[in-house]
Amino acid sequence: MLGSFLETIIGGLMSGMLYSLVALGFVLIYKASGVFNFAQGAMVLFAALAMARFSEWIPQWTGLDSKFINNALAFAAALAIMVVIAWLIEKLVLGKLVNQEGVALLMATLGISYFLDGFGQTIFGSSIYKIDVGMPKDPIFLLESVFQGGLLVNQEDLVAALIATALVAALAAFFQYTGTGRALRAVADDHQAAQSIGIPLNRIWVIVWSVAGFVALVSGVIWGSKLGVQFSLSVLALKALPLVILGGLTSVPGAIVGGLILGVGEKLAEVFIGPYVGGGIEIWFAYVLALCVLLVRPQGLFGEKIIDRI
């Protein structure tokens, strides 16, 4: 019984780190522009589609047989596209909405989301595609000397969680210790004040959307490797919406802790309560948990009050 419980906890923590990775995209955009980015799910899908299709096309174009080189080139090409998209978003959308009400920016990201969904289908197609970056698929047993039979852990989930953990830590350090990260926080607090002290708002927005695009690409590669690249991926990515409400929309640590809470909570609920209610708890658990937190602490567990800024 204890072994099964610990397996569920470990599985939940690993899923939670992947949720945190997606949620960071929401937090990054909000901290830079003060708006909730509804396009993050579409960005994950678009980036995953680019990676999947380029990993197919590059061997045909170059004749290379090395999976590592082909995947590296595909990742670089997909990242370049996400940076170009970030630049276009700033030039064509956000740059025209400087100092506008938050609701205008919110609706702009909703429009960007629909555009990326449609544009992705136009360029890359609408089939289900595979991403194969060599992540191990077979499960392994851990702590066999402590628990009879050991703890069953999926290697792919473990590697994905380690990648997500490293990226989350790097982004947290970026915000905390770099000049650009501090400039991003200043822009989030007050656009006009940031401009008055010489912070280039347009360049900051390009940087943060590029970083969010990189996060979306890494998330898309991981989820695409696990589940295949399909258009339900954008819906899966939007599962991070209640996560940022739970942790706090303005808090990078909140996105991390919120992801861990959500991952563990939904796994425990599905395994130990699901059999008594017919299952399916993982579909709605995140939203109910976020609603409960909102009723008690509207700004989330770690966030600041944002009602006046929207």
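Please refer to the structure placed before this passage.
Source: prediction; values computed, not measured. (Residues numbered from 1 in each chain as written. Predicted model: local features only at pLDDT ≥ 70, side-chain atom pairs only at ≥ 80, totals over all residues. Heavy atoms only, no water.)

Undergrad: Could you give an account of helix H5 (residues 155-177), with specific residues and numbers?
TA: In this model H5 runs 33 Å from its N-terminal to its C-terminal C-alpha over 23 residues, within 8% of the 33 Å that 1.5 Å per residue would give. Within the sequence span of H5, burial applies to Glu-156, Ala-160, Ala-161, Ala-164, Leu-167, Val-168, Leu-171 and Phe-175. (Helix = DSSP H or I, 4+ residues; strand = E, 2+ residues; numbered from the N terminus. Expected span 1.5 Å × (residues − 1). Buried < 20%, exposed > 50% of the residue type's maximum accessible area, 1.4 Å probe, protein only.)

Undergrad: An account of the pattern of salt bridges is needed here, citing residue identities and associated values.
TA: Across all of its chains, the model carries three salt bridges by this definition. Residue Arg-53 is joined to Glu-56 by a salt bridge in which the shortest nitrogen-to-oxygen separation is 2.7 Å. Of this pair, Arg-53 and Glu-56 both sit in helix H2 (residues 40-62), separated by three residues, roughly a single helical turn. Between Asp-132 and Lys-67 there is a salt bridge, with its nearest N and O atoms 2.9 Å apart. Of this pair, Asp-132 sits in the loop between helix H4 (102-124) and strand S1 (139-142) while Lys-67 sits in helix H3 (residues 67-92); the two residues are 65 residues apart in sequence, bridging distant segments of the chain. (Salt bridge = Lys/Arg side-chain N within 4 Å of Asp/Glu carboxyl O.)

Undergrad: Break down the nonpolar core for me, with residues and values.
TA: Core analysis: the biggest nonpolar cluster contains 86 residues, and Leu-21, Trp-209 and Val-229 have the highest contact counts within it. Apart from the residues lying within four places of it in its own chain, the contact partners of Trp-209 are Ile-29, Asn-37, Met-43, Ala-86, Ile-89, Leu-94, Thr-109 and Ile-112. (Core = buried A, V, L, I, M, F, W, Y, C linked by side-chain atoms within 4.5 Å. Contact = heavy atoms within 4.5 Å.)

Undergrad: Give me the lowdown on the environment of Phe-231, citing residues and values where you can.
TA: Structurally, Phe-231 can be placed in the loop between helix H8 (201-227) and helix H9 (233-237). Residue classification places Phe-231 among the partly exposed residues on the basis of a relative accessible area of 23%. As for Phe-231 and Leu-45, which are separated by 186 residues in sequence, their C-alpha atoms are 6.8 Å apart. Setting aside its immediate chain neighbours within four residues, Phe-231 contacts Leu-45, Leu-49, Asp-117, Gln-121, Gly-125 and Ser-126.

Undergrad: I'd like a rundown of the packing of helix H11 (residues 252-272) against helix H13 (residues 281-296), residues and numbers included.
TA: Their axes nearest at 9 Å, the elements H11 and H13 cross at an angle of 135 degrees. Comparing the axis directions of H11 and H13 gives the class oblique. You can see that H11 and H13 cross each other, and the crossing is right-handed. The segment H11 lies against H13, with Ile-261, Leu-262, Gly-265, Glu-266, Lys-267, Ala-269 and Glu-270 engaging Ile-281, Glu-282, Phe-285, Ala-286 and Leu-289. Residue classes in the contact of H11 with H13 are distributed as seven nonpolar, one polar and four charged. (Axes fitted to C-alpha atoms, helices over the stretch in contact; angles between N-to-C directions. Parallel < 35°, antiparallel > 145°, perpendicular 65-115°, else oblique. Left-handed = near helix turned anticlockwise from the far one by under 90°. Nonpolar A, V, L, I, M, F, W, Y, C, P; charged D, E, K, R; others polar.)

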